[in-house]
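# Residue-level structure breakdown
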Amino acid sequence: MKLGIVGLPNVGKSTLFNSLTRAGAESANYPFCTIDPNVGVVAVPDFRLKLLTDLYHSEKTTPAVIEFVDIAGLVKGASKGEGLGNQFLSHIREVDAIVHVVRCFDDDNVIHVDGSVDPLRDIETINLELIFSDIEILERRIARTSKAALSNKALAKELETVKALKEHLEEGKLARTFETADEETLEFVESLNLLTRKPVIFAANVGEDDLADDGASNEYVKQVREYAAANDSEVFVICAQIEQEIAELDDDEKKMFLEDLGLSESGLEKLIAASYRILGLLSYLTAGEKETRAWTIKVGTKAPQAAGKIHSDFERGFIKAEVVNYQDLLDCGTYSAARDKGLVRIEGKDYVVKDGDVILFRFNV
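Residues numbered from 1 in each chain as written. Predicted model: local features only at pLDDT ≥ 70, side-chain atom pairs only at ≥ 80, totals over all residues. Heavy atoms only, no water.

### Some remarks on the nonpolar core
Rules: In these notes, a set of buried Ala, Val, Leu, Ile, Met, Phe, Trp, Tyr and Cys residues joined through side-chain atoms within 4.5 Å is what counts as a nonpolar core. Accessibility here uses a 1.4 Å probe with only protein chains present; expressed as a share of the type maximum, an area under 20% marks a residue as buried, one over 50% as exposed, and anything in between as partly exposed. Counting from the N terminus, the helices are DSSP H or I runs at least four residues long and the strands are E runs at least two residues long. Throughout, a residue-residue contact means that at least one pair of heavy atoms, one from each residue, lies within 4.5 Å.
By size, the foremost hydrophobic cluster in this structure holds 70 residues, and its most contacted members are Leu-3, Phe-68, Ile-92, Cys-104, Phe-202, Leu-271 and Leu-329. No other element matches the six residues that helix H10 (residues 267-279) contributes to this core. Aside from chain neighbours lying at most four places away, what touches Leu-3 is Ile-66, Glu-67, Phe-68, Val-69, Val-95, Ala-97, Val-99, Leu-271, Ser-275 and Leu-279.

See the structure below:
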């Protein structure tokens with residue numbers, strides 16, 4: 001899973017990236033301190049892994065990972081080359097979802113690029129730049145295929161879709177609100193990899209005082225939540241400054257620090273939960289003496305395709321899956337005890353994998 005972090009300058013974007021990844025991207029109180037897209041890989045926290053590792057005395061524990069890409073602060077006109085320009089928008093095209101950091105705090109010491117705090121205006125500014133960038137992509141596609149489409153029916157259909165999509169964007173609408181009943185057309189639209197087609201998670205960056213009630217009393221956060229609800233997006237409340245402090249602590253200190261703030265989870269955990277929801281993901285587990293590992297798949301994935309995440313041979317030669325829920329396995333104490341109690345199921349090719357399944361695949365190639 002790859003997430004791109006975007007936002008206007010000085011909204012706490014790079015501070016958040018630093019705290020999430022401890023990658024040490026330079027952050028300062030001026031625009032464009034992130035000159036190159038910074039990339040950090042973060043382990044997905046999963047308490048089940050440690051429990052299973054202890055049960056099996058596994059030599060190795062491998063969590064699922066998320067890759068974060070920190071994009072330089074966008075400003076009005078970025079798609080036309082303003083600020084650091086369109087070069088950074090190309091980096092976002094490679095991500096699965098966009099994390100849009102929105103400033104929801106007042107602080108005279110931190111300059112806002114537009115002179116005042118207004119989260120809805122900031123969201124609109126970023127959206128317009130992404131729309132303009134998508135329109136440019138579509139215009140190039142039209143120029144490239146117009147001539148060939150005259151004698152090619154398939155290309156003609158694609159060209160018609162591209163023109164309709166361009167009109168949709170020119171009305172200020174996002175590509176993800178473009179609807180079509182035709183499955184083939186939908187697949188084509190997805191293949192264009194448009195920025196405004198990607199799911200969005202809003203990170204409402206608040207001051208420390210607004211963390212305890214999850215931003216419920218913050219008017220800026222209310223605006224972001226209302227916008228997200230109307231646009232099928234996720235929201236989580238975070239204080240980037242606090243996250244940076246948490247990132248320096250070990251696990252026990254982190255837990256105490258969060259408890260002192262009245263919090264049950266860190267911003268990273270909130271973001272990961274939102275990412276899994278919006279992308280429709282889950283984790284299944286494999287466990288043994290050599291390794292305990294989490295594998296991320298789409299909700300609705302069947303057993304052979306889930307096996308293919310481990311190795312293509314597992315999918316190609318799939319015979320069956322031995323499946324037990326992780327909690328049942330832990331309660332029983334051993335795999336053989338779980339099997340004796342009838343808690344280990346033999347599943348075939350049509351089995352839809354569930355979150356928390358511990359699976360042993362049987363295959364033959």
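Let us keep going from here.
### Regarding the layout of surface pockets
Inclusion rule: Both site types are read off a 1 Å grid over the protein atoms alone. A 1.4 Å probe that fits but cannot get out defines a cavity, while an open set with protein on both sides within 12 Å along at least five of seven lines defines a pocket; lining residues have an atom within 4 Å of a point. Grid points are joined across faces, edges and corners, and a volume is the space filled by probe spheres set on the points. Asp, Glu, Lys and Arg are counted as charged, while Ala, Val, Leu, Ile, Met, Phe, Trp, Tyr, Cys and Pro are counted as nonpolar; the rest, among them Gly, fall into the polar class.
In this structure, the largest pocket spans a volume of roughly 1,000 Å³. As for the largest pocket, its lining consists of 31 residues, of which Val-44, Pro-45, Asp-46, Ser-266 and Glu-269 are closest to the centre. Secondary structure elements with two or more residues in the lining of the largest pocket: helix H1 (13-21), strand S2 (38-43), helix H2 (47-56), helix H8 (240-247), helix H9 (251-260) and H10. In the lining of the largest pocket, the residues fall into 14 nonpolar, five polar and 12 charged.

### Observations concerning a negative patch on the surface
For the record, the criterion: Surface patches are defined over residues having more than 30% relative accessible area and no salt bridge, joining like charges when they lie within 9 Å and nonpolar side chains (Val, Leu, Ile, Met, Phe, Trp, Tyr) when within 5 Å. Surface accessibility follows the Shrake-Rupley procedure with a 1.4 Å probe radius. Residue values consider only the protein chains on display as shielding. Salt bridges are identified by distance alone: a Lys or Arg side-chain nitrogen within 4 Å of an Asp or Glu carboxyl oxygen. His is not counted here, nor are the chain ends, while Lys and Arg score as positive and Asp and Glu score as negative. By convention, the point assigned to a charge is CZ for Arg, NZ for Lys, CD for Glu and CG for Asp.
On the surface, a cluster of negative charge is made up of Asp-250, Asp-251, Asp-252 and Glu-253. According to the relative accessible area criterion, Asp-250 is partly exposed, its value standing at 42%.

### Looking at the pairing of strand S6 (residues 200-205)
Side-chain positions along a regular strand alternate between the two faces of the sheet. Which entries qualify depends on this criterion: For two strands to be treated as a pair, DSSP must find no fewer than two bridges joining them. Handedness of a crossover: with both strands directed away from the viewer, a clockwise path from the first strand across the helix to the second marks it as right-handed.
Taking burial as the measure, the six residues of S6 include six buried ones, the bulk of the element. Of the two faces of S6, the one lined by Val-200, Phe-202 and Ala-204 and the one lined by Ile-201, Ala-203 and Asn-205 are each fully buried. Pairing of strand S5 (residues 97-103) with S6 involves six bridges; the strand directions are parallel. When the bridges of S6 are listed, Ile-98 appears paired with Val-200. In terms of strand pairing, S6 meets strand S7 (residues 234-238) through five bridges, oriented parallel. Note that in S7 the partner of Ala-204 across the bridge is Val-237. The parallel pair S6 and S7 is bridged by helix H7 (residues 219-230), and the resulting crossover is right-handed.

### Remarks on the pattern of salt bridges
Under the definition given, this model contains 23 salt bridges. Three or more residues are tied together by salt bridges with common partners; here these are Asp-46, Arg-48 and Asp-355.

### Quick word on the packing of aromatic side chains
Ring pairs (aromatic) are described by centroid distance and by the angle formed between their planes. The condition that has to hold: Aromatic pairs are defined between Phe, Tyr and Trp rings, using the six-membered ring for Trp, whenever the two ring centres lie within 6.5 Å; interplanar angles under 30 degrees are classed as stacked, those over 60 as edge-to-face, and all others as tilted.
Applying the stated criterion to the full structure yields five aromatic pairs. Note on Tyr-284 and Phe-361: the rings are 5.9 Å apart at their centroids and 85° apart in plane angle, and the pair reads as edge-to-face. One end of the pair, Tyr-284, is in strand S8 (residues 281-286); the other, Phe-361, is in strand S12 (residues 357-363), and 77 residues separate them in sequence. Across the pair, exposure class does not vary: Tyr-284 and Phe-361 are buried alike.

Such coordinate-based values are descriptive only and should not be taken to indicate function.
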